[in-house]
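Architecture and fold: a report
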Amino acid sequence: MKKVLAWVKAHLLVVISCVVIVVSIPAGLVGSSILKKGIYSKREKEASEALRAVENTTVTYSVPALTPGGRPIEMRGVPTSEKTKWFAERRERVEREAKEAYGAVVAFNQRRHKAMVDGLFPSAGSRANEVLKCLELGELLFGRGASEGYYAKLLRDMRAGGPMDPARVSTALDDLRQRELEQMQVASEQSLPPEKLTQLRKALSDRRIAMYRQRAQELGVYASMDVLPISTDDYAMIRPKIIGSEQPTIVQAFEWQWTAWMVTDLFDAIREANTSTSGEPLDVERAPVKRILRVALMPMGSGGAARSEGDEEGGGDDSGGSAGGGKGVSITGRVPGRNNGSYDVRIVPELSLIVDSAEIPRVLEAFERTNFIAVIGMQVTEVDPWADLREGYYYGSAHVVRLDLRLETVWLRSWTAKLMPAQVRRMLGVPDPRPESGGDQDASDGGGD
């Protein structure tokens, strides 16, 4: 024992270290267990709080409606990668389809309209060049005679024309009368007995109607340059009073150009109505629109609907929901002459037609199919076909009426504003165009009128 104690004393540091080691092992195990439980408890609490925060956090996923009045797709809930991906793909597809649809809308509105003279719109540069370009446009539109110019070509494309030449009819009837008298061996009608005179007059009447019918079968519609009024203070200039009497301005030239676009749409709509479902152009005898009586347009920037005090200025306020005019906002809710932001409204206060009464719906639908043209006023009145027949207008066997329309046309500024001269933009309240980075199609592209 003494030897053991003596060894311990000699090696006291070693003995103490061993004792510490032996004692610290169970103590460390106990302490680590306590510490581990505390860490686990803290982490579990943090994880539970984070889970509750995630569960209580919700987002609203949505996909906008593609069409006005449509219902968007919406979902509210806990965000997940799958939901985020699905809605992102749908939004991208809707945006792509919306851009494609808008492009189709602009193309429908612009159709084949473009500036007829290169280098004129929106600016011709110098005033001297502007005058030359304006005169060139006037020459293209109005020509130098009744059978020349753009409007005359529009009428030819519609196979429009007047009744048979009265002189030709008179000559043919005189020849027939002479032959009939020779066969009856008399010198004049006064020498004929009543029954023979009645027979002769019926033969002449039948011949006259046959000639009128023959002319009707040669035409697509009765119309001439006379249906386009010469410019007045109330209506846009379709035909100028005098060509070349004064130097036109670029604002006048743009009015000419825009008016030509409008008349083109109106005539195209009539031609659409007078085309069969199989694509066959119909003659007057079979066509829904038999005759064009008059076309009149409101000037560029003019009103055409009543406005309350404080509304933007924009010209006159002669308007209404009937073909005869009157006061009041259009049934569409659009106000001509007002700065509408993305579009302009031009009014056709008078489009007078002789139509087959049974085909009126087809005629009205033709305007909607041609462009953004709304019928905002309509008046139907009876006509005397026999009185028109005496003037050479043969309408066939259908019941015909006079159809007076008031139309509203809409023009998207996404393409028209690029052609507007600065003075026209100021007049209409159109902002100056912003510089583009390139890649956009020029507004003058897309075919010509």
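You'll find the structure just up there.
All of the points below concern the structure found in this document. Starting afresh in each chain, residues are numbered from 1 along the sequence in its written order. Given that the model is predicted, a residue must reach a pLDDT of at least 70 before its local features are reported, and side-chain atom pairs must reach 80 or more before they are shown or counted; all residues, however, enter totals for whole chains, interfaces and linings. Think of the side-chain values as coming from all heavy atoms in the structure, minus any hydrogens and water.

**Here's the deal with helix H6 (residues 166–184)**
Applicable threshold: Only runs of H or I of at least four residues qualify as helices and only runs of E of at least two qualify as strands under DSSP, and these elements are numbered from the N terminus. One fewer than the residue count of a helix, multiplied by 1.5 Å, yields its expected span. Note on exposure labels: buried denotes an accessible area under 20% of the residue type's maximum, exposed denotes more than 50%, and partly exposed covers the range between, all computed with a 1.4 Å probe on protein chains only. To obtain the arc, one takes the directions from the helix axis to the C-beta atoms. Contacts between residues were defined by any pair of non-hydrogen atoms, one from each residue, lying within 4.5 Å.
In this model H6 runs 27 Å from its N-terminal to its C-terminal C-alpha over 19 residues, within 8% of the 27 Å that 1.5 Å per residue would give. Buried within H6 we find Val169, Ala172, Leu173, Leu176, Glu180, Leu181 and Met184. One side of H6 carries all its buried residues, which in axial view fall inside an arc of 165°. Contacts from the buried residues of H6 go to helix H7 (194–218). Directly beyond the C-terminal end of H6, a positive phi value near 60° is found at Gln185.

**Looking at the nonpolar core**
Stated precisely, the cut-off is as follows: Side-chain atoms within 4.5 Å link the members of a nonpolar core, which is a set of buried Ala, Val, Leu, Ile, Met, Phe, Trp, Tyr and Cys residues.
With 70 residues, the main nonpolar core has Leu120, Phe121, Tyr151, Trp258, Phe267, Ile292 and Phe367 as its most contacted residues. Counting residues per element, this core draws most heavily on helix H8 (residues 250–273), which supplies 14 residues. With near-sequence residues (within four places) excluded, Ile292 lies in contact with Met158, Val221, Tyr222, Ala223, Val227, Phe267, Ile270, Ser352 and Leu353.

**A short note on the packing of helix H4 (residues 127–142) against H8**
Where we set the bar: Throughout, an axis means a line fitted to C-alpha atoms (over the contacting stretch in the case of helices), and angles, computed between N-to-C directions, take values from 0 to 180 degrees. Relative orientations are named as follows: roughly parallel for angles under 35 degrees, roughly antiparallel for angles over 145 degrees, roughly perpendicular for angles from 65 to 115 degrees, and oblique for any other angle. Take the far helix as your reference; a near helix turned counterclockwise from it by less than a right angle gives a left-handed crossing, and one turned clockwise gives a right-handed crossing. Polar here means any residue outside two lists: the nonpolar Ala, Val, Leu, Ile, Met, Phe, Trp, Tyr, Cys and Pro, and the charged Asp, Glu, Lys and Arg; Gly therefore counts as polar.
Close contact between H4 and H8 brings their axes to 9 Å; oriented N to C, the two are set at 30°. Taken as axis vectors, H4 and H8 run roughly parallel relative to one another. Crossing of H4 over H8 shows left-handed handedness. Of H8, the residues touching H4 (which contributes Arg127, Glu130, Cys134, Leu137, Gly138, Leu141 and Phe142) are Ile250, Ala253, Trp256, Gln257 and Ala260. Its residues assigned to classes, the contact of H4 with H8 comprises eight nonpolar, two polar and two charged.

**Let's talk about the side chain of Glu408**
Tracing the backbone shows Glu408 in strand S8 (residues 400–412). Those residues within four positions of Glu408 in sequence are excluded, and the remaining contacts are Ser330, Thr332, Arg334, Val345, Arg346, Ile347, Phe372, Ile373, Ala374 and Ile376.

**A look at the pattern of salt bridges**
To be explicit about the condition: Here, a salt bridge means any Lys or Arg side-chain nitrogen found within 4 Å of an Asp or Glu carboxyl oxygen.
This structure, assessed with the given rule, holds 20 salt bridges. Among the ionic pairs, Glu272 bridges to Arg369, the shortest N-O distance being 3.0 Å. You can see Glu272 sitting in helix H8 and its partner Arg369 sitting in helix H9 (residues 360–370), a full 97 residues away along the chain. Owing to a relative accessible area of 36%, Glu272 belongs among the partly exposed residues under this scheme.

**Some thoughts on unusual backbone geometry**
A cis amide bond links Phe121 to the next residue, Pro122, at an omega of 5°. Tracing the backbone through its elements, the reader meets Pro122 in the loop between helix H3 (81–110) and H4. Residue Arg111 is not a glycine yet carries a positive backbone phi of 50°. Structurally, Arg111 can be placed in the loop between H3 and H4. Within the chain, Gln185 stands out as a residue other than glycine whose phi angle is a positive 60°. By the secondary structure assignment, Gln185 is in the loop between H6 and H7. Judged by its relative accessible area of 72%, Gln185 falls in the exposed class.

**What to know about the pairing of S8**
Operational definition: For two strands to be treated as a pair, DSSP must find no fewer than two bridges joining them.
With twelve of 13 residues buried, S8 lies mostly within the body of the structure. Where strand S6 (residues 343–356) meets S8, twelve bridges bridge the pair, whose relative direction is antiparallel. In the sheet register, Val355 faces S8, and the bridge partner there is Val401. Bridge count between strand S7 (residues 373–382) and S8: nine bridges; the pairing is antiparallel. Pairing of Ile373 across the sheet is with Thr409, part of S8.

Honestly, that's just the spatial picture; any functional story needs more than this.
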